[in-house]
Amino acid sequence: ESGWNYISYPRYFPLDVETAFGSVLSMIKLLKDDSGNIYWPELGINTLGQMEAGEGYILKMSGNAEFIYPSNSDYVDAIDGSTTTGRIGIDQTIYYSEIEITSSNMVIGLPLDSWIDFDIQYGDELAVFDSQGNMVGVSVLKNDNNVVVVWGDDIASDIKDGMLYGEEFVFELWQQSSDKVFDIIVEWEEGVDYFSDNGINIASSIILEDSYDSNIENIYCFPNPSSGHFDLEFDLYNDTDMSIIIYNAIGEK
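It should be emphasised that the depicted structure is a prediction, and the values quoted were computed from it without experimental measurement. (Residues numbered from 1 in each chain as written. Predicted model: local features only at pLDDT ≥ 70, side-chain atom pairs only at ≥ 80, totals over all residues. Heavy atoms only, no water.)

Asks: Help me understand the overall build of the chain in this model?
Replies: A count of helical and extended segments in the chain gives one helix and 16 strands. Radius of gyration (C-alpha) of the chain: 24 Å, far over the 18 Å computed for a compact globule of 253 residues. Along the three orthogonal principal directions, the C-alpha set of the chain runs to about 90 × 40 × 40 Å. When burial is assessed residue by residue, the chain has 40% of its 253 residues classed as buried. Pairs at least 24 residues apart make up 66% of the contacts formed inside the chain by residues separated by at least 6 positions. Only carbon and sulfur atoms are counted for the fraction: they give 47% of the accessible area of the chain, which is about 14600 Å². (Helix = DSSP H or I, 4+ residues; strand = E, 2+ residues; numbered from the N terminus. Rg over C-alpha atoms; globule rule 2.2 N^0.38 Å. Buried < 20%, exposed > 50% of the residue type's maximum accessible area, 1.4 Å probe, protein only. Contact = heavy atoms within 4.5 Å. Areas by Shrake-Rupley, 256 points an atom, 1.4 Å probe, with all protein chains shown as cover.)

Below, the structure is given as structure tokens:
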């Protein structure tokens, strides 16, 4: 049917997604599994790799279509071979920790040409946070179109472990080469800054801004030690009032 569908994979052997759906390929908007692996032809993204025996998928179609899988005997080199090849999945993160995978999600597409004045390098990491600062999505980026899966809250759990419907999310990027963290401002070609189950967002522009854990950094006092006059030098990142307290060598204010 046009829109979202649940679809099983009843074949005995795994099969490449584009081969399995060859007859309706032009009508597929998105195909995903329950682990966040995705086939997104519009952006040329395929982290699913192959359809797996006995698995179920969520499929979004642009219209109604009749579809039949290839038979079990097609595209099989050896009947005694393995019936599973495993998922491609996302790469292992270095900077950000692993996230809780829940029963619902939305996907956000980040086209390569949407990044403004920033060149992605393989290994940069993008994280998504909810309104409470909890990480709800993470992706290791490639120098290509990218996708990040944002996970919804599990209503069966007593704790908040994902996004609520209509909750606003924000982004952060860690650049591996400089070990710097950036805030990200996104404008949308499709979608908004709010979570919805099975939502599909596509960015039109992505702008990076320096993210600072503190308003003040790079503090220098010279000469140090000093028995009289000294200079204090620092970088202040925001227009704000600051309190400066000086202690001597034995801890007296």
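We are not done yet, so read on.
Asks: Is there a simple way to explain the nonpolar core in this structure?
Replies: Nonpolar side chains tend toward joint burial in soluble globular proteins. Counting 24 residues, the largest nonpolar core has Ile108, Trp115, Phe171, Leu173 and Ile184 as its most contacted members. Among the elements of the structure, strand S8 (105-110), strand S9 (125-129), strand S11 (146-151), strand S12 (170-175), strand S13 (180-190) and strand S14 (200-210) are those that each provide at least two residues to this core. Other than its neighbours up to four places away in sequence, tryptophan 115 contacts Leu110, Ile120, Leu141, Leu173, Ile184, Ile206 and Leu208. Ile7, Tyr9, Ile28 and Tyr69 belong to the second largest nonpolar core, which has 16 residues in total. (Core = buried A, V, L, I, M, F, W, Y, C linked by side-chain atoms within 4.5 Å.)

Asks: When you look at the side chain of lysine 29 in this model, what are you seeing that I'm missing?
Replies: Relative to the helices and strands, lysine 29 resides in strand S3 (residues 28-32). For lysine 29, the residues in contact, after removing those within four places along its chain, are Trp40, Pro41, Glu42, Lys60, Glu190, Ile200 and Ile202.

Asks: How should I be thinking about the side chain of asparagine 146 in this particular structure?
Replies: Looking at the secondary structure, you find asparagine 146 in strand S11. On the basis of relative accessible area, asparagine 146 is assigned to the buried category, the value being 4%. Within the structure, the side chain of asparagine 146 is placed 2.8 Å from the backbone oxygen of lysine 142, a separation counted as a polar contact. A distance of 2.7 Å separates the side chain of asparagine 146 from the backbone oxygen of aspartate 144, its partner in a polar contact. Contacts of asparagine 146, omitting those with residues within four sequence positions, involve Ile45, Ile108, Gly109, Leu110, Ile120, Val140 and Leu141. (Polar contact = N/O pair within 3.5 Å; in protein donor to acceptor, adjacent residues only side chain to side chain.)

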